[in-house]
Amino acid sequence: MAKNYLTGIKPTGKLHLGNYIGVLKNIKKIQEEGNCIFFIADLHALTLPIEPETLKQNSIDIACFYLAAGLDYNKSILFLQSQVSEHAELNAILQNYLYMGELSRMTQFKDKTAKTNNNSIGVGIFTYPILMACDILLYNCNVVPVGEDQVQHVELTRTLATRFNNRYGETFVIPTAQVNKVGKRIMSLSDPTKKMSKSDPKGDIFLKDDLKTIRKKIMSAVTDLGDEVIYDPINKPGISNLLTIYASLKDISVEEACNHFKDCHRYGDFKKEVADVVCEEIGKLQERYNFILENKEYLKALEIGKNKAKLLANKTLKRVKKKVGFIDE
Ligand code: AQP
(Lines give C-alpha, C1' and ligand atoms only; values in the text may rest on other atoms or scores of the structure.)
Protein backbone atom coordinates (compact mmCIF):
# COMPACT_ATOMS: atom_id res chain seq x y z
CA MET A 1 0.00 0.00 0.00
CA ALA A 2 1.22 3.54 -0.78
CA LYS A 3 2.60 5.37 2.24
CA ASN A 4 1.36 8.72 3.58
CA TYR A 5 3.97 11.49 3.80
CA LEU A 6 3.60 14.79 5.64
CA THR A 7 5.84 17.85 5.58
CA GLY A 8 5.41 21.29 7.13
CA ILE A 9 7.36 24.53 7.01
CA LYS A 10 6.96 27.35 9.55
CA PRO A 11 6.49 30.83 8.05
CA THR A 12 8.80 32.34 10.67
CA GLY A 13 11.14 34.00 8.19
CA LYS A 14 12.53 33.91 4.69
CA LEU A 15 13.13 30.43 3.28
CA HIS A 16 16.78 29.47 2.93
CA LEU A 17 18.94 26.89 1.21
CA GLY A 18 18.65 24.55 4.23
CA ASN A 19 14.85 24.47 3.80
CA TYR A 20 15.34 23.85 0.09
CA ILE A 21 17.79 20.96 0.51
CA GLY A 22 16.04 19.57 3.60
CA VAL A 23 12.51 19.61 2.21
CA LEU A 24 11.62 21.34 -1.04
CA LYS A 25 14.12 19.55 -3.23
CA ASN A 26 12.62 16.17 -2.33
CA ILE A 27 9.01 17.01 -3.14
CA LYS A 28 8.97 15.48 -6.62
CA LYS A 29 10.56 12.27 -5.39
CA ILE A 30 8.22 11.65 -2.45
CA GLN A 31 5.25 12.61 -4.58
CA GLU A 32 6.08 9.66 -6.81
CA GLU A 33 6.43 7.34 -3.82
CA GLY A 34 3.24 8.00 -1.85
CA ASN A 35 0.30 10.20 -0.85
CA CYS A 36 1.74 13.54 0.14
CA ILE A 37 0.46 16.27 2.41
CA PHE A 38 2.32 19.58 2.57
CA PHE A 39 1.35 22.41 4.85
CA ILE A 40 2.34 25.86 5.99
CA ALA A 41 2.68 25.73 9.77
CA ASP A 42 1.37 29.22 10.49
CA LEU A 43 0.06 28.32 13.97
CA HIS A 44 3.59 27.27 14.85
CA ALA A 45 4.93 30.59 13.55
CA LEU A 46 3.28 32.41 16.47
CA THR A 47 5.60 30.68 18.93
CA LEU A 48 8.07 33.54 18.38
CA PRO A 49 7.06 37.20 17.94
CA ILE A 50 6.13 38.03 14.34
CA GLU A 51 4.38 40.96 12.63
CA PRO A 52 0.99 40.03 11.08
CA GLU A 53 1.94 41.31 7.61
CA THR A 54 5.24 39.42 7.71
CA LEU A 55 3.45 36.21 8.69
CA LYS A 56 1.04 36.65 5.79
CA GLN A 57 3.80 37.32 3.25
CA ASN A 58 5.95 34.44 4.52
CA SER A 59 2.97 32.08 4.24
CA ILE A 60 2.29 33.08 0.62
CA ASP A 61 6.00 32.66 -0.13
CA ILE A 62 6.09 29.14 1.25
CA ALA A 63 3.00 28.15 -0.75
CA CYS A 64 4.64 29.50 -3.92
CA PHE A 65 7.96 27.81 -3.21
CA TYR A 66 6.25 24.46 -2.54
CA LEU A 67 4.58 24.76 -5.96
CA ALA A 68 7.76 26.01 -7.64
CA ALA A 69 9.61 22.98 -6.28
CA GLY A 70 7.17 20.66 -8.03
CA LEU A 71 4.21 20.17 -5.70
CA ASP A 72 1.31 18.97 -7.86
CA TYR A 73 -1.84 20.14 -6.07
CA ASN A 74 -4.09 17.84 -8.05
CA LYS A 75 -2.20 14.86 -6.69
CA SER A 76 -0.95 16.08 -3.29
CA ILE A 77 -2.52 18.26 -0.63
CA LEU A 78 -1.29 21.78 0.21
CA PHE A 79 -2.93 23.78 2.99
CA LEU A 80 -2.54 26.38 5.71
CA GLN A 81 -2.55 24.89 9.19
CA SER A 82 -4.69 27.73 10.62
CA GLN A 83 -7.46 26.97 8.10
CA VAL A 84 -7.90 23.40 9.35
CA SER A 85 -9.16 23.90 12.89
CA GLU A 86 -8.90 20.17 13.65
CA HIS A 87 -5.17 20.75 14.40
CA ALA A 88 -5.99 23.08 17.29
CA GLU A 89 -8.79 20.85 18.52
CA LEU A 90 -6.70 17.70 18.58
CA ASN A 91 -3.96 19.71 20.29
CA ALA A 92 -6.36 20.55 23.13
CA ILE A 93 -6.97 16.84 23.66
CA LEU A 94 -3.47 15.40 23.15
CA GLN A 95 -1.66 17.92 25.36
CA ASN A 96 -2.88 15.82 28.27
CA TYR A 97 -0.92 12.77 27.18
CA LEU A 98 2.62 14.18 27.20
CA TYR A 99 4.53 15.15 30.32
CA MET A 100 6.33 18.36 31.29
CA GLY A 101 9.60 16.43 31.69
CA GLU A 102 9.35 15.04 28.15
CA LEU A 103 8.81 18.50 26.65
CA SER A 104 11.59 20.02 28.77
CA ARG A 105 14.07 17.61 27.19
CA MET A 106 13.46 18.84 23.64
CA THR A 107 16.73 20.30 22.40
CA GLN A 108 15.05 22.78 20.04
CA PHE A 109 13.15 24.29 22.99
CA LYS A 110 16.36 24.50 24.99
CA ASP A 111 18.27 26.08 22.07
CA LYS A 112 15.60 28.62 21.23
CA THR A 113 15.07 29.75 24.81
CA ALA A 114 18.64 29.51 26.09
CA LYS A 115 19.23 33.24 25.84
CA THR A 116 15.72 34.29 26.89
CA ASN A 117 14.31 35.07 30.28
CA ASN A 118 11.45 32.78 31.45
CA ASN A 119 9.08 35.73 31.71
CA SER A 120 9.34 36.45 28.02
CA ILE A 121 9.02 32.89 26.68
CA GLY A 122 5.53 32.09 25.39
CA VAL A 123 4.05 28.75 26.48
CA GLY A 124 3.56 27.87 22.80
CA ILE A 125 7.26 27.31 22.19
CA PHE A 126 7.29 24.78 25.04
CA THR A 127 4.21 22.91 23.83
CA TYR A 128 5.17 23.20 20.14
CA PRO A 129 6.01 19.46 19.80
CA ILE A 130 2.43 18.56 20.85
CA LEU A 131 0.95 20.57 18.00
CA MET A 132 3.54 19.07 15.67
CA ALA A 133 2.45 15.59 16.81
CA CYS A 134 -1.17 16.53 16.02
CA ASP A 135 -0.15 17.71 12.54
CA ILE A 136 1.33 14.29 11.89
CA LEU A 137 -1.24 12.08 13.59
CA LEU A 138 -4.31 13.72 12.02
CA TYR A 139 -3.34 12.38 8.60
CA ASN A 140 -2.34 8.81 9.47
CA CYS A 141 1.16 9.58 8.40
CA ASN A 142 3.68 6.79 7.93
CA VAL A 143 6.67 8.89 6.92
CA VAL A 144 7.71 12.39 8.00
CA PRO A 145 10.59 13.73 5.88
CA VAL A 146 12.53 16.17 8.08
CA GLY A 147 15.90 17.75 8.64
CA GLU A 148 17.95 16.30 11.48
CA ASP A 149 16.76 18.97 13.94
CA GLN A 150 13.18 17.67 13.86
CA VAL A 151 13.88 13.98 14.48
CA GLN A 152 13.47 14.34 18.24
CA HIS A 153 9.97 15.78 17.74
CA VAL A 154 8.94 12.87 15.53
CA GLU A 155 10.26 10.50 18.21
CA LEU A 156 8.05 12.27 20.75
CA THR A 157 5.09 11.90 18.38
CA ARG A 158 5.73 8.14 18.33
CA THR A 159 5.77 8.08 22.13
CA LEU A 160 2.49 9.99 22.29
CA ALA A 161 0.76 7.87 19.65
CA THR A 162 1.88 4.62 21.28
CA ARG A 163 0.78 5.84 24.70
CA PHE A 164 -2.66 6.79 23.37
CA ASN A 165 -3.04 3.53 21.43
CA ASN A 166 -2.12 1.50 24.54
CA ARG A 167 -4.70 3.31 26.62
CA TYR A 168 -7.62 3.48 24.15
CA GLY A 169 -6.87 0.83 21.53
CA GLU A 170 -5.55 1.23 17.98
CA THR A 171 -6.17 4.88 17.01
CA PHE A 172 -3.06 6.40 15.48
CA VAL A 173 -0.58 5.24 12.87
CA ILE A 174 2.94 5.32 14.32
CA PRO A 175 5.05 7.58 12.07
CA THR A 176 8.73 7.35 11.16
CA ALA A 177 11.11 10.25 10.56
CA GLN A 178 12.94 10.14 7.25
CA VAL A 179 16.16 12.11 7.12
CA ASN A 180 18.09 12.88 3.96
CA LYS A 181 21.29 10.87 3.54
CA VAL A 182 23.02 14.01 2.29
CA GLY A 183 22.01 17.50 3.48
CA LYS A 184 20.21 16.63 6.69
CA ARG A 185 21.70 19.75 8.31
CA ILE A 186 22.96 22.59 6.15
CA MET A 187 25.08 24.96 8.18
CA SER A 188 25.43 28.75 8.23
CA LEU A 189 27.97 30.12 5.75
CA SER A 190 29.28 32.62 8.30
CA ASP A 191 29.44 30.19 11.23
CA PRO A 192 29.47 26.61 9.93
CA THR A 193 29.12 25.21 13.45
CA LYS A 194 25.54 26.58 13.53
CA LYS A 195 22.51 25.40 11.53
CA MET A 196 21.33 27.61 8.68
CA SER A 197 18.12 28.91 10.17
CA LYS A 198 15.29 31.37 9.48
CA SER A 199 15.34 32.86 12.96
CA ASP A 200 19.12 33.35 13.01
CA PRO A 201 19.62 34.47 9.42
CA LYS A 202 23.28 35.51 9.55
CA GLY A 203 25.02 33.23 7.08
CA ASP A 204 21.82 32.13 5.29
CA ILE A 205 21.40 31.87 1.53
CA PHE A 206 17.81 32.97 1.00
CA LEU A 207 15.83 31.43 -1.83
CA LYS A 208 14.81 34.94 -2.89
CA ASP A 209 18.35 36.39 -2.89
CA ASP A 210 19.36 37.54 -6.34
CA LEU A 211 21.91 35.25 -7.96
CA LYS A 212 24.71 37.82 -7.67
CA THR A 213 24.17 37.96 -3.90
CA ILE A 214 24.10 34.17 -3.65
CA ARG A 215 27.39 33.93 -5.53
CA LYS A 216 28.94 36.62 -3.32
CA LYS A 217 27.79 34.84 -0.14
CA ILE A 218 29.31 31.53 -1.28
CA MET A 219 32.57 33.13 -2.40
CA SER A 220 32.93 34.74 1.04
CA ALA A 221 31.78 31.70 3.06
CA VAL A 222 33.96 30.97 6.09
CA THR A 223 36.51 28.20 5.41
CA ASP A 224 39.91 27.50 6.97
CA LEU A 225 43.58 28.12 6.34
CA GLY A 226 44.37 24.93 4.43
CA ASP A 227 43.89 24.24 0.73
CA GLU A 228 42.53 20.68 0.67
CA VAL A 229 38.90 20.08 -0.28
CA ILE A 230 38.10 17.23 2.09
CA TYR A 231 35.07 16.27 4.18
CA ASP A 232 35.97 16.72 7.84
CA PRO A 233 33.10 18.41 9.73
CA ILE A 234 35.14 18.77 12.95
CA ASN A 235 38.30 20.36 11.56
CA LYS A 236 36.94 21.76 8.30
CA PRO A 237 33.27 22.59 8.98
CA GLY A 238 33.06 25.31 6.30
CA ILE A 239 34.50 23.19 3.48
CA SER A 240 32.43 20.18 4.62
CA ASN A 241 29.25 22.28 4.52
CA LEU A 242 29.99 23.49 0.99
CA LEU A 243 30.74 19.90 -0.08
CA THR A 244 27.39 18.81 1.38
CA ILE A 245 25.57 21.59 -0.48
CA TYR A 246 27.31 20.62 -3.73
CA ALA A 247 26.60 16.88 -3.25
CA SER A 248 22.93 17.49 -2.36
CA LEU A 249 22.25 19.66 -5.38
CA LYS A 250 24.13 17.31 -7.73
CA ASP A 251 22.33 14.30 -6.22
CA ILE A 252 25.59 12.51 -5.49
CA SER A 253 27.19 11.22 -2.30
CA VAL A 254 29.66 13.32 -0.30
CA GLU A 255 32.36 10.79 -1.24
CA GLU A 256 31.67 11.38 -4.92
CA ALA A 257 31.83 15.14 -4.34
CA CYS A 258 35.20 14.78 -2.55
CA ASN A 259 36.49 12.68 -5.41
CA HIS A 260 35.38 15.32 -7.91
CA PHE A 261 37.42 17.98 -6.07
CA LYS A 262 40.43 15.81 -5.14
CA ASP A 263 42.82 17.70 -7.43
CA CYS A 264 41.45 21.12 -6.57
CA HIS A 265 43.83 23.03 -4.29
CA ARG A 266 42.34 26.48 -4.49
CA TYR A 267 39.33 27.25 -2.32
CA GLY A 268 38.37 30.03 -4.75
CA ASP A 269 37.97 27.50 -7.63
CA PHE A 270 36.05 25.12 -5.37
CA LYS A 271 33.69 27.84 -4.17
CA LYS A 272 33.10 29.05 -7.73
CA GLU A 273 31.96 25.57 -8.77
CA VAL A 274 29.65 25.32 -5.72
CA ALA A 275 28.23 28.77 -6.53
CA ASP A 276 27.59 27.73 -10.17
CA VAL A 277 25.55 24.73 -9.04
CA VAL A 278 23.57 26.67 -6.41
CA CYS A 279 22.84 29.56 -8.79
CA GLU A 280 21.69 27.23 -11.55
CA GLU A 281 19.25 25.38 -9.28
CA ILE A 282 17.94 28.40 -7.36
CA GLY A 283 17.72 30.45 -10.57
CA LYS A 284 15.30 27.91 -12.09
CA LEU A 285 13.34 27.72 -8.84
CA GLN A 286 12.99 31.53 -8.75
CA GLU A 287 11.65 31.62 -12.32
CA ARG A 288 8.88 29.19 -11.41
CA TYR A 289 8.22 30.98 -8.11
CA ASN A 290 7.75 34.33 -9.91
CA PHE A 291 5.34 32.80 -12.40
CA ILE A 292 3.23 31.19 -9.62
CA LEU A 293 3.17 34.37 -7.55
CA GLU A 294 2.18 36.58 -10.49
CA ASN A 295 -0.60 34.22 -11.55
CA LYS A 296 -1.79 33.70 -7.97
CA GLU A 297 -1.86 29.96 -8.63
CA TYR A 298 -1.23 29.34 -4.93
CA LEU A 299 -4.74 30.56 -4.04
CA LYS A 300 -6.39 27.78 -6.02
CA ALA A 301 -3.96 25.18 -4.63
CA LEU A 302 -4.65 26.27 -1.03
CA GLU A 303 -8.42 26.25 -1.48
CA ILE A 304 -8.49 22.74 -2.97
CA GLY A 305 -5.99 21.53 -0.36
CA LYS A 306 -7.87 22.93 2.62
CA ASN A 307 -11.03 21.02 1.69
CA LYS A 308 -9.18 17.74 1.18
CA ALA A 309 -7.21 18.17 4.43
CA LYS A 310 -10.33 18.95 6.43
CA LEU A 311 -12.02 15.74 5.32
CA LEU A 312 -9.07 13.60 6.42
CA ALA A 313 -8.41 15.49 9.65
CA ASN A 314 -12.03 15.47 10.72
CA LYS A 315 -12.23 11.70 10.37
CA THR A 316 -9.29 11.23 12.75
CA LEU A 317 -10.55 13.82 15.21
CA LYS A 318 -13.96 12.17 15.40
CA ARG A 319 -12.29 8.82 16.11
CA VAL A 320 -10.22 10.36 18.93
CA LYS A 321 -13.19 12.16 20.49
CA LYS A 322 -15.14 8.94 20.60
CA LYS A 323 -12.23 7.04 22.17
CA VAL A 324 -11.74 9.53 25.01
CA GLY A 325 -15.45 9.52 25.84
CA PHE A 326 -16.89 12.67 24.29
CA ILE A 327 -20.57 12.39 23.36
CA ASP A 328 -21.25 12.25 19.58
CA GLU A 329 -22.76 15.38 18.03
N1 AQP B 1 19.71 24.02 7.95
C2 AQP B 1 18.87 23.07 7.58
N3 AQP B 1 19.33 21.97 6.94
C4 AQP B 1 18.48 20.99 6.54
N5 AQP B 1 17.14 21.02 6.76
C6 AQP B 1 16.66 22.10 7.39
N7 AQP B 1 15.42 22.46 7.77
C8 AQP B 1 15.44 23.65 8.38
N9 AQP B 1 16.70 24.10 8.45
C10 AQP B 1 17.48 23.17 7.84
C11 AQP B 1 14.23 21.64 7.52
O12 AQP B 1 13.27 22.45 6.87
C13 AQP B 1 11.97 22.02 7.29
C14 AQP B 1 11.15 23.20 7.66
O15 AQP B 1 11.71 23.78 8.79
P16 AQP B 1 10.81 24.62 9.75
O17 AQP B 1 10.37 25.82 9.04
O18 AQP B 1 9.69 23.81 10.26
O19 AQP B 1 11.65 24.98 11.01
P20 AQP B 1 13.09 24.71 11.46
O21 AQP B 1 13.53 23.32 11.31
O22 AQP B 1 13.18 25.21 12.86
O23 AQP B 1 13.84 25.61 10.43
P24 AQP B 1 14.48 26.99 10.67
O25 AQP B 1 14.81 27.58 9.35
O26 AQP B 1 15.62 26.86 11.62
O27 AQP B 1 13.32 27.88 11.29
P28 AQP B 1 13.28 28.65 12.65
O29 AQP B 1 14.53 29.43 12.73
O30 AQP B 1 12.06 29.48 12.58
O31 AQP B 1 13.18 27.62 13.74
C32 AQP B 1 12.16 21.02 8.42
O33 AQP B 1 11.98 19.70 7.95
C34 AQP B 1 13.57 21.24 8.83
O35 AQP B 1 14.14 20.09 9.40
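It should be noted that the structure appears before, not after, this text.
Just so you know, these numbers come straight off a predicted model, no measurement behind them.

Trainee: Tell me about the packing of aromatic side chains, and please be specific about residues and values.
Mentor: Scanning all chains against the criterion turns up 11 aromatic pairs. When the centroid spacing of 5.3 Å and the interplanar angle of 70° are considered together, the rings of Tyr 97 and Phe 164 count as edge-to-face. You can see Tyr 97 sitting in the loop between α5 (86-94) and α6 (100-104) and its partner Phe 164 sitting in helix α9 (residues 151-168), a full 67 residues away along the chain. Under the relative-accessibility criterion, Phe 164 is labelled buried at 0%. Judged by centre distance (4.8 Å) and plane angle (85°), the ring pair of Phe 261 and Phe 270 falls under edge-to-face. For the residue pair Phe 261 and Phe 270, the accessibility class agrees, reading buried in each case. Among the aromatic residues, ring-to-ring pairing joins Tyr 97, Phe 164, Tyr 168 and Phe 172 into one connected group.

Trainee: An account of the packing of helix α8 (residues 123-137) against α9 is needed here, citing residue identities and associated values.
Mentor: Interhelical geometry of α8 versus α9 gives an angle of 70° and a closest axis separation of 9 Å. In terms of orientation, α8 and α9 fall into the roughly perpendicular class. Where α8 approaches α9, its residues Tyr 128, Pro 129, Met 132, Ala 133, Ile 136 and Leu 137 are matched on the opposing element by His 153, Val 154, Leu 156, Thr 157, Leu 160 and Ala 161.

Trainee: With reference to specific residues and values, describe the site of the ligand.
Mentor: The environment of the ligand is made up of 24 residues, and the closest members are Thr 12, Lys 112, Asp 149, Lys 198 and Ser 199. Within the contact set of the ligand, an oxygen atom lies 2.6 Å away from a side-chain nitrogen or oxygen of Thr 12. Here the ligand has 640 Å² of accessible area as a free molecule, and 98% of this is covered by the chains. Assessed atom by atom at 2 Å from the grid points, the ligand resides in the largest cavity.

Trainee: Explain the nonpolar core to me, using residue names and the numbers behind them.
Mentor: Core analysis: the largest hydrophobic core is formed by 61 residues, its most contacted members being Leu 24, Tyr 66, Leu 78 and Ile 245. Considering every element that reaches this core, the biggest residue donor is helix α13 (residues 267-294), with 11 residues. Inspection of this core shows a minimum of three residues originating in each of domain 1 (3-183 + 296-324) and domain 2 (211-291). Non-local contacts of Ile 245, meaning those with residues more than four positions away in its chain, are made with Leu 17, Ile 21, Ile 186, Leu 189, Val 274 and Val 278. Counting 41 residues, the second largest nonpolar core, distinct from the first, contains Ile 37, Phe 164, Ala 313 and Leu 317.

Trainee: Talk me through the environment of Asn 314; I want residue IDs and the actual numbers.
Mentor: Inspection of the secondary structure puts Asn 314 in helix α14 (residues 297-324). For Asn 314 and Leu 90, which are 224 residues apart along the polypeptide, the C-alpha to C-alpha distance reads 9.8 Å.

Trainee: So what about unusual backbone geometry? Which residues, and what values?
Mentor: With a phi angle near 50°, Asn 140 is a residue other than glycine that sits in the positive phi range. Tracing the sequence through the fold places Asn 140 in the loop between α8 and β4 (143-146). Residue classification places Asn 140 among the partly exposed positions, given a relative accessible area of 26%. Backbone geometry at Lys 296 places phi at a positive 50°, although glycine is not the residue there.

Trainee: Hey, could you go over the packing of helix α11 (residues 237-250) against α13 for me, with residue numbers and the actual values?
Mentor: Between α11 and α13, whose axes approach to 10 Å, the crossing angle comes to 40°. As summarised for this structure, α11 and α13 are arranged oblique, according to the angle between their axes. You can see that α11 and α13 cross each other, and the crossing is left-handed. Contacts between α11 and α13 involve Ile 239, Leu 242, Leu 243, Ile 245, Tyr 246, Leu 249 and Lys 250 from the first element and Tyr 267, Phe 270, Lys 271, Glu 273, Val 274, Val 277, Val 278 and Glu 281 from the second. Taken together, the residues of the contact of α11 with α13 break down into 11 nonpolar, no polar and four charged.

About the thresholds
Residues numbered from 1 in each chain as written. Predicted model: local features only at pLDDT ≥ 70, side-chain atom pairs only at ≥ 80, totals over all residues. Heavy atoms only, no water. Phe/Tyr/Trp six-rings, centres within 6.5 Å; stacked < 30°, edge-to-face > 60°. Helix = DSSP H or I, 4+ residues; strand = E, 2+ residues; numbered from the N terminus. Buried < 20%, exposed > 50% of the residue type's maximum accessible area, 1.4 Å probe, protein only. Axes fitted to C-alpha atoms, helices over the stretch in contact; angles between N-to-C directions. Parallel < 35°, antiparallel > 145°, perpendicular 65-115°, else oblique. Contact = heavy atoms within 4.5 Å. Near = heavy atom within 4 Å. Polar contact = N/O pair within 3.5 Å; in protein donor to acceptor, adjacent residues only side chain to side chain. Areas by Shrake-Rupley, 256 points an atom, 1.4 Å probe, with all protein chains shown as cover. 1 Å grid on protein atoms, 1.4 Å probe; cavity = no way out; pocket = protein on both sides within 12 Å on 5 of 7 lines; lining within 4 Å. Sits in = over half its atoms within 2 Å of the grid points. Core = buried A, V, L, I, M, F, W, Y, C linked by side-chain atoms within 4.5 Å. Domains from an automatic or database assignment. Left-handed = near helix turned anticlockwise from the far one by under 90°. Nonpolar A, V, L, I, M, F, W, Y, C, P; charged D, E, K, R; others polar.

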